[in-house]
Amino acid sequence: MLAHYIERLGMGQYKRLFEFSVGLLESYYIAGDRPVRCIDRARSCGQDTGGFALAVWAEQVGLCRLHRPSWRHSYSLESNEESMKVLVAVKRVVDYNVKVRVKADNSGVDLANVKMSMNPFCEIAVEEAVRLKEKGVASEIVVVSIGPATAQEQLRTALALGADRAILVESADELNSLAVAKLLKAVVDKEQPQLVILGKQAIDSDNNQTGQMLAALSGYAQGTFASKVEVAGDKVNVTREIDGGLQTVALNLPAIVTTDLRLNEPRYASLPNIMKAKKKPLETLSPADLGVSTGSTVKTLKVEAPATRSAGIKVKSVAELVEKLKNEAKVI
């Protein structure tokens, strides 16, 4: 029957690709009362994606049904290219415009009636993922956050900015960078993204550790402090900001990228998109669901506000300035 359709279609140069696709549709199994043709990813990788696209077309017109097992790659008939899933991690932090107050017992930061927002570096990560989708490079953006139930607010913001769905790993514990990296590793294993984008650091803890730890745990290539990201085939080129200037590295996908301030300028969410975000899927998981223990080996002993700076003074001459720096400030 398929050979009959090949002759009828008369596709010219695409006939070979369609024949290749048919060749992949050899095995089948019975689902209910109908045979389901199977296509093996291992046999199709590295071959003409146009052939695979035609196989998908054959399924759509009813010639066969493709079996898609646990792998999560998708293919587009329009682009004939493999699509990319991007996972973006976001964190709920105290808004950067808020003056932070320490609790009276010095046990931590007072979060009562404090405005919370998405970490600014995470906003840059979401923006970069959305831009990749707008360019046609990414097909799906999944945002994930780890924290209390109220972190859904930041996830909804990311959905309003252009993400497709969200995952909240709900935990009321104070998690260190390693625990967060382990939880993200479990989410990466579950979602199988081709690119993971994180902010280089959070403005509350300033650790700059999670992205690097996640790369080490997952075995993925990493490009940190990114000021430019370009996806080219099965590689991503990341321009990094380093002390000596700029460094560009080519990473094999899948890869981890952490964003710096100069990567982009995040957009604002429009009111229609904010309303649409309320209907987008948001999945809630627990560390136990992911099989991860979040026990910490680090304990916070004391939190103190920075010392109050004394008012500056004016001096009448360079000699007076040098004298004060030497005798009062004792810095020279």
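Residues numbered from 1 in each chain as written. Predicted model: local features only at pLDDT ≥ 70, side-chain atom pairs only at ≥ 80, totals over all residues. Heavy atoms only, no water.

Student: Before we move on, can you summarise the overall build of the chain with the specific residues and values?
Tutor: Tallying secondary structure elements over the chain gives ten helices and 13 strands in all. Split into buried and exposed, the 332 residues of the chain put 39% on the buried side. (Helix = DSSP H or I, 4+ residues; strand = E, 2+ residues; numbered from the N terminus. Buried < 20%, exposed > 50% of the residue type's maximum accessible area, 1.4 Å probe, protein only.)

Student: Explain the nonpolar core to me, using residue names and the numbers behind them.
Tutor: Formed by 35 residues in total, the largest nonpolar core has its most connected members in V86, V88, V90, V126, V143, L195 and I197. Top element by residues in this core is helix α5 (residues 120–134). It accounts for seven residues. Beyond its immediate sequence surroundings of up to four residues, I197 is in contact with V86, L87, V88, A89, A125, E128, A129, L132, V257 and T259. Counting 24 residues, the second largest nonpolar core, distinct from the first, contains V169, L183, A215 and Y220. (Core = buried A, V, L, I, M, F, W, Y, C linked by side-chain atoms within 4.5 Å. Contact = heavy atoms within 4.5 Å.)

Student: Can you lay out the sheet that holds strand β7 (residues 165–170) for me, pointing to particular residues and giving the numbers?
Tutor: The strand order across the open sheet formed by nine strands is β11-β10-β9-β12-β8-β3-β6-β7-β13, and the pairing between neighbours is mixed. At either margin of the open sheet sits one strand with a lone partner, and together these are β11 (245–252) and β13 (282–285). Ignoring strand direction, the axes of neighbouring strands in this sheet form an average angle of 30 degrees. Packed onto the sheet, helix α6 (residues 152–161) meets β3 (84–90), β6 (138–147), β7 and β13 and runs at close to 165 degrees relative to β7. The strands touched by helix α7 (residues 177–191) are β3, β6, β7, β8 (195–199) and β13; relative to β6, the strand with the most contacts, the crossing angle is about 150 degrees. (Pairing = 2+ DSSP bridges. Axes fitted to C-alpha atoms, helices over the stretch in contact; angles between N-to-C directions.)

Student: Before we move on, can you summarise α5 with the specific residues and values?
Tutor: The terminal C-alpha atoms of α5 lie 21 Å apart, and with 15 residues this matches the ideal 21 Å at 1.5 Å per residue to within 8%. Of all the 15 residues making up α5, eleven are buried; the element is thus mostly covered by neighbouring parts of the structure. One or two residues past the end of α5 sits G136, with phi positive at roughly 85 degrees. (Expected span 1.5 Å × (residues − 1).)

Student: Report on a nonpolar patch on the surface, specifying residues and quantitative values.
Tutor: Residues I313, V315, V318, L321, V322, L325, V331 and I332 make up a contiguous nonpolar surface patch of roughly 700 Å² in combined accessible area. Mapped onto the secondary structure, V331 falls in the segment after α10 (318–327). (Patch = residues over 30% accessible without salt bridge, like charges linked within 9 Å, V, L, I, M, F, W, Y side chains within 5 Å. Areas by Shrake-Rupley, 256 points an atom, 1.4 Å probe, with all protein chains shown as cover. Salt bridge = Lys/Arg side-chain N within 4 Å of Asp/Glu carboxyl O.)

Student: Describe the confidence of the model for the chain, and please don't skip the residues or the numbers.
Tutor: With 75% of its residues at a pLDDT of 70 or more, the chain has an overall mean of 81. Predicted confidence is poor over residues 1–18, with pLDDT under 50, and the contacts of this stretch with residues over four places away or in other chains come to 25 contacts. Below a pLDDT of 50 lies the segment residues 39–50, which in the model reaches 20 contacts outside its immediate sequence neighbourhood of four places, other chains included. (pLDDT = per-residue confidence, 0-100.)

Student: A description of the side chain of T294 should follow, citing residues and the corresponding values.
Tutor: Tracing the chain through its elements places T294 in the loop between β13 and α10. Exposure remark for T294: the relative accessible area of 16% places this residue in the buried category. Excluding residues that lie within four positions of it along the chain, T294 makes contacts with D173, L175, A179, L183 and P287.

Student: Break down the packing of α7 against helix α8 (residues 210–218) for me, with residues and values.
Tutor: Helix-helix packing: each pair is described by the crossing angle between the helix axes and the interaxial distance. In the contact formed by α7 and α8, the axes pass within 9 Å of each other and the chain directions differ by 50 degrees. Overall, the two elements α7 and α8 adopt an arrangement that is oblique. For the pair α7 and α8, the crossing hand works out as right-handed. Contacts between α7 and α8 involve S177, L178, V180, A181, K182, L184, K185 and V188 from the former and T210, M213, L214, L217 and S218 from the latter. Among the residues making up the contact of α7 with α8, the classes are represented as eight nonpolar, three polar and two charged. (Parallel < 35°, antiparallel > 145°, perpendicular 65-115°, else oblique. Left-handed = near helix turned anticlockwise from the far one by under 90°. Nonpolar A, V, L, I, M, F, W, Y, C, P; charged D, E, K, R; others polar.)

Student: Go over the pairing of β11 with me, naming the residues and quoting the values.
Tutor: Pairing of strand β10 (residues 235–242) with β11 involves eight bridges; the strand directions are antiparallel. Across the sheet, E241 pairs through a bridge with L246, a residue of β11. Taken together, β10 and the strand that follows it, β11, pair antiparallel across an intervening segment of two residues.

Student: Which residues make up the environment of A125, and what values go with them?
Tutor: Structurally, the position occupied by A125 is in helix α5. The exposure class of A125 is buried, given its relative accessible area of 0%. Taking the C-alpha atoms as reference, A125 lies 10.0 Å from A226; in sequence the two are 101 residues apart. Setting aside its immediate chain neighbours within four residues, A125 contacts V88, I197, L198, G199 and T259.

Student: Before we move on, can you summarise unusual backbone geometry with the specific residues and values?
Tutor: When glycine is set aside, most residues are seen to have a negative phi, and most peptide bonds are trans. Residue P254 is reached from L253 by a cis peptide bond, and omega for that bond is 0 degrees. One non-glycine residue with positive phi stands out, namely D206, at about 55 degrees. Locating D206 in the fold gives a position in the loop between β8 and α8. A positive phi angle, close to 55 degrees, is found at K330, a residue other than glycine. As for its position among the elements, K330 is in the segment after α10. Judged by its relative accessible area of 62%, K330 is exposed.

Student: Tell me about the side chain of E128, and please be specific about residues and values.
Tutor: Mapping E128 onto the fold places it in helix α5. At 5.2 Å, R131 is the nearest oppositely charged side chain to E128, a buried residue that forms no salt bridge. Setting aside residues no more than four positions away along its own chain, E128 makes contact with I197, V229, L263 and N264. (Lys, Arg positive; Asp, Glu negative; His and termini not counted.)

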